Number of protein chains: 2
Amino acid sequence: MRKSKKERQRLLIETIKENPFITDEELADQFTVSVQTIRLDRLELSIPELRERIKNVAEKRFDDEVRSLPIDEVIGEIIDIELDQTAISIFDVKHEHVFKRNQIARGHHVFAQANSLAVAVINDELALTAKANIQFTRSVKENERVIAKAKVLRIDEEKGRTLVEVNSFVNNELVFTGEFEMYRYKK
Amino acid sequence: MRKSKKERQRLLIETIKENPFITDEELADQFTVSVQTIRLDRLELSIPELRERIKNVAEKRFDDEVRSLPIDEVIGEIIDIELDQTAISIFDVKHEHVFKRNQIARGHHVFAQANSLAVAVINDELALTAKANIQFTRSVKENERVIAKAKVLRIDEEKGRTLVEVNSFVNNELVFTGEFEMYRYKK
DNA sequence: ACTACTATTAGTACCTAGTCTTAATACTTC
DNA sequence: GAAGTATTAAGACTAGGTACTAATAGTAGT
């Protein structure tokens, strides 16, 4: 039996979400209805036409690129920074950051936030991580917001080394702590 | 004076690169030539039409998303593993992994490879990183291949802790070394 | 000045993937 | 059998093109 209108529209939404590049004709084939029906469905569901959908995807990418130009260098969003002193960033743990089995964030994401914050806080052309001593004190779950706070402990101009401490919290609870020894480039 | 053909085509390339969402008509206005001239130019320069351009942007975005999916499980590709003993993975440093300024890989990628290898080598339902002591001994550049080797040093059944050492190499040269204290879940 | 050549413009037919509108069926439910 | 919903069809129109033919403008060489 051909599916009911409701069911078809439910599937339509999913299908288009998964592949926005599909035409009405292909959809009509897939659901064995006429093209007109698909168009009525899209009208009812306010799903734009193929070209609009593609454009939206493309524009989003463009936005992301623009937005990620400064951010690209940092995992998480920097919300406060005082060069060579302190910096704070937030990182929202989403579905893609966790282990499927238990929804616990993979360590390297939490590390990446802290590490890139340590890079960002350094007031120089470029900084690289030389050493790090880290500890995950509590596991972070999906949908939690991690707030990382970096503090510059010591700057050794001679050696070009800087010691940065980063503590990350979820609801004021420490989830990660690390000491990063950063190598800094003088321009 | 209206620009020469060469000059116009040079600018055309740039203009479209900067804003792929521009139509021939708008371009014709901008260069005060006819639409046909713009189309001839595009033909000569093999620049696809607006809709194709938009589609390309959109598809690239989709590819990127797909590419980051496998990253979900392990960073790098595991090429050998003996549970609770050793494991080896390779990770090719691409454009998206490096700092734009100097093509040096961001620390967290190298860390992520090592960390996820440490997770993978553990023969249990799940492992989490508790602590880590790491050192970046040489910077890794774009297009280099990092080979990470994990070795389980000690298993403390009581505490449910496992100590894993990971050394990463580029051309047999040590670029990263770390000791990971992993917390393992018994099912 | 005449010719050759490139560059530009114009016009037409056709394409895709639609929109918007009107109208005819088909299916169900009472 | 009528009413209401769902589906399909048909036709006119749109944007942003391609592909092709043909006319015109400008410029250099002899």
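Residues numbered from 1 in each chain as written. Chains lettered and ligands numbered in written order. Predicted model: local features only at pLDDT ≥ 70, side-chain atom pairs only at ≥ 80, totals over all residues.

Engineer: It is not clear to me how the nonpolar core should be interpreted in this structure. Could you clarify?
Structural biologist: Soluble globular proteins: nonpolar side chains tend toward being buried together. Within the largest apolar cluster, 63 residues are counted, with the highest numbers of intra-cluster contacts made by Val110(A), Leu117(A), Ala118(A), Val121(A), Val110(B) and Ala118(B). Non-local contacts of Val110(B), meaning those with residues more than four positions away in its chain, are made with Ala105(B), Phe136(B), Val140(B), Val146(B), Ser168(B), Val175(B) and Phe176(B). Among the nonpolar cores identified, the runner-up in size contains eight residues, and Leu50(A), Ile54(A), Val57(A) and Ala58(A) belong to it. (Core = buried A, V, L, I, M, F, W, Y, C linked by C-beta atoms within 7 Å. Buried ≥ 20, exposed ≤ 12 C-beta atoms within 10 Å, placed from the backbone. Contact = placed C-beta atoms within 7 Å.)

Engineer: How do you make sense of the packing of helix α2 (residues 24-31) of chain B against helix α3 (residues 35-45) of chain B when you look at a structure like this?
Structural biologist: A packed helix pair is summarised by two numbers, namely the angle formed by the two axes and the spacing between the axes. Residues and elements named next belong to chain B. Relative to each other, α2 and α3 sit at 105 degrees, their axes nearing to 8 Å. Here α2 is positioned roughly perpendicular relative to α3, judged by the angle of their axes. Residues Asp 24, Glu 25, Leu 27 and Ala 28 of α2 lie in contact with α3, whose contacting residues are Val 35, Thr 37, Ile 38 and Arg 39. Residue classes in the contact of α2 with α3 are distributed as four nonpolar, one polar and three charged. (Axes fitted to C-alpha atoms, helices over the stretch in contact; angles between N-to-C directions. Helix = DSSP H or I, 4+ residues; strand = E, 2+ residues; numbered from the N terminus. Parallel < 35°, antiparallel > 145°, perpendicular 65-115°, else oblique. Nonpolar A, V, L, I, M, F, W, Y, C, P; charged D, E, K, R; others polar.)

Engineer: What is the right way to read the protein's contact with DNA strand D from this model?
Structural biologist: Around DNA strand D sit Lys5(A), Val33(A), Ser34(A), Gln36(A), Thr37(A), Leu40(A), Thr23(B), Asp24(B), Arg39(B), Arg42(B), Glu49(B) and Leu50(B), and those are all the residues in its vicinity. Broken down by element, the surface near DNA strand D gets its largest block of residues, three residues, from helix α3 (residues 35-45) of chain A. Split by residue class, the surface near DNA strand D holds three nonpolar, four polar and five charged. (Near = placed C-beta within 6 Å.)

Engineer: How should the interface of chain B and chain A be read in this particular structure?
Structural biologist: A common way to state how big an interface is: give the accessible area lost once the parts meet. Facing 30 residues of chain B, the contacting portion of chain A comprises 31 residues. Counting residues per element, the ones that place at least two in the side of chain B that touches chain A are α4 (50-67), α5 (107-120) and β3 (126-136) of chain B. Take the side of chain B that touches chain A: its biggest share by element is 10 residues, from β3(B). Residues that form the side of chain B that touches chain A fall into these classes: 14 nonpolar, nine polar and seven charged. Of the pairings in the sheet, the one linking strand β3 (residues 126-136) of chain A to β3(B) comprises five bridges and is antiparallel in character. Paired with Ala132(A) across the strands is Ile134(B), a residue of β3(B). (Pairing = 2+ DSSP bridges.)

Engineer: When you look at the protein's contact with DNA strand C in this model, what are you seeing that I'm missing?
Structural biologist: Residues in close proximity to DNA strand C include Thr23(A), Asp24(A), Arg39(A), Arg42(A), Glu49(A), Leu50(A), Lys5(B), Val33(B), Ser34(B), Gln36(B), Thr37(B) and Leu40(B), which together make up its full environment. Residue assignment for the surface near DNA strand C shows that the elements contributing at least two residues are α3 of chain A together with α3 of chain B. Of the residues forming the surface near DNA strand C, the biggest block, three residues, is contributed by α3(B). Its residues assigned to classes, the surface near DNA strand C comprises three nonpolar, four polar and five charged.

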